[in-house]
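# Chains, contacts and geometry: an overview
Now for the letters of each chain:
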Amino acid sequence: AQRVTQPEKLLSVFKGAPVELKCNYSYSGSPELFWYVQYSRQRLQLLLRHISRESIKGFTADLNKGETSFHLKKPFAQEEDSAMYYCALSLTGTASKLTFGTGTRLQVTL
Amino acid sequence: DSGVTQTPKHLITATGQRVTLRCSPRSGDLSVYWYQQSLDQGLQFLIQYYNGEERAKGNILERFSAQQFPDLHSELNLSSLELGDSALYFCASSPGQGGFAGELFFGEGSRLTVL
């Protein structure tokens, strides 16, 4: 079965420092990978998906099939980036469900 | 607000009881998903419906059941409740039915506390 692992429960960085939120997955096929974010008092929402290859709010994520990773990166953290981040995986050709990791709380401090 | 709405937001009940959580998807979305988030756990997929039919099933207990009605709203029924069922239950919706899940639109969740 597919699995998503986010090894860090909490990541604390200073404002302006680089951010890397780790995500590893286990699946032998070609999954679709996503990052979802939940800001304080807001709903869980899509941040970005690997197939779009876009940068959202300065965040990027590259799918590395060799390392089965999809780490989320941002060169300079901002206070407003503080939130809960979830990595998620979806499979092609199956009923469309997302498998989520346990999430990483990003805390950006001054 | 045409987003996903869930009721109730908070629910406190006793062990052995039965509760029903309700979800209205975004206007036009045909798929509804239910997820459970317990303390220190990620979102665990429970079940998906598309246009009234069950499409995918996850780790949903036999004590739990769900359905999607003709107006596309969905209900998650939890019975013979146990302390371990205390969790945040999320509903999400999407326009599609299969292939990639694509973007899911989440509700605010229903927080269930079993005492």
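Refer to the structure above for everything that follows.
A few points on the structure.

Thresholds applied
Residues numbered from 1 in each chain as written. Chains lettered and ligands numbered in written order. Predicted model: local features only at pLDDT ≥ 70, side-chain atom pairs only at ≥ 80, totals over all residues. Heavy atoms only, no water. Helix = DSSP H or I, 4+ residues; strand = E, 2+ residues; numbered from the N terminus. Rg over C-alpha atoms; globule rule 2.2 N^0.38 Å. Buried < 20%, exposed > 50% of the residue type's maximum accessible area, 1.4 Å probe, protein only. Lys, Arg positive; Asp, Glu negative; His and termini not counted. Charge placed at Lys NZ, Arg CZ, Asp CG, Glu CD. Phe/Tyr/Trp six-rings, centres within 6.5 Å; stacked < 30°, edge-to-face > 60°. Lys NZ or Arg CZ within 6 Å of the ring centre and 35° of its normal. Disulfide = S-S within 2.5 Å. Pairing = 2+ DSSP bridges.

Moving on: the overall build of chain B. Looking only at helices and strands, chain B has zero helices and 11 strands in total. Its C-alpha atoms give chain B a radius of gyration of 13 Å, near enough to 13 Å, the size a compact globule of 115 residues would have. Buried positions account for 49% of the 115 residues belonging to chain B. Of the side-chain charges in chain B, 8 are positive and 12 negative, and the distance between the mean point of each set is 2 Å.

Attention now moves to the packing of aromatic side chains. Following the criterion strictly, the structure yields 11 aromatic pairs over all chains and no others. Relative to B:Phe106, the ring of B:Phe90 lies with its centre 6.1 Å away and its plane at 85°, an arrangement referred to as edge-to-face. Taken as a pair, B:Phe90 in strand β9 (residues 87-94) and B:Phe106 in strand β10 (residues 105-106) lie far apart in primary sequence, 16 residues in all. Accessibility classification places B:Phe90 together with B:Phe106 in one group, the buried group. Ring pairs connect the aromatic residues A:Phe34, A:Tyr36, A:Tyr86, A:Phe100, B:Tyr35, B:Phe45, B:Phe90 and B:Phe106, which therefore count as one cluster. If you follow B:Arg26 out to its NZ or CZ, it ends over the ring of B:Phe105, 3.5 Å from the centre.

Summed over the entire model, instances satisfying the criterion amount to two disulfides over all chains. A:Cys23 shares a disulfide with A:Cys87; S-S distance 2.0 Å. Disulfide A:Cys23-A:Cys87: torsion about the S-S bond near -65°, hence left-handed. Here A:Cys23, found in the loop between β3 (19-21) and β4 (24-26), pairs with A:Cys87, found in strand β9 (residues 83-90); they are 64 residues apart in sequence, far enough to count as distant. A:Cys87 shares its class with A:Cys23; the two are buried. Shown here is the disulfide that connects B:Cys23 with B:Cys91, its sulfur atoms set 1.8 Å apart. Judged by the torsion about the S-S bond (-60°), the B:Cys23/B:Cys91 disulfide is left-handed. With B:Cys23 in strand β3 (residues 19-24) and B:Cys91 in strand β9, the pair connects residues that are 68 residues apart, well separated along the chain. Considered together, B:Cys23 and B:Cys91 belong to a single accessibility category, that of buried residues.

Moving on: the pairing of strand β11 (residues 110-114) of chain B. Residue and element names in this part refer to chain B. In β11, alternate side chains face the same way, and those of Ser110, Leu112 and Val114 are buried while those of Arg111 and Thr113 on the opposite face are not. Note that strand β2 (residues 10-13) and β11 share four bridges and pair parallel. When the sheet's bridge partners are listed, isoleucine 12 is paired in β11 with threonine 113. When β9 meets β11, the two strands line up antiparallel, connected through three bridges. Counted as the bridge partner of leucine 88 is arginine 111 from β11.

All names here are of chain A. Within the open sheet, the three strands sit side by side as β3-β8-β7. Their pairing is antiparallel. The sheet is open, and its two borders are formed by β3 and β7 (60-61), each paired with just one other strand. In the sheet, β7 pairs with strand β8 (residues 72-74) via two bridges, with the strands oriented antiparallel. Among the inter-strand pairings, alanine 61 is bridged to a residue of β8, identified as leucine 72.

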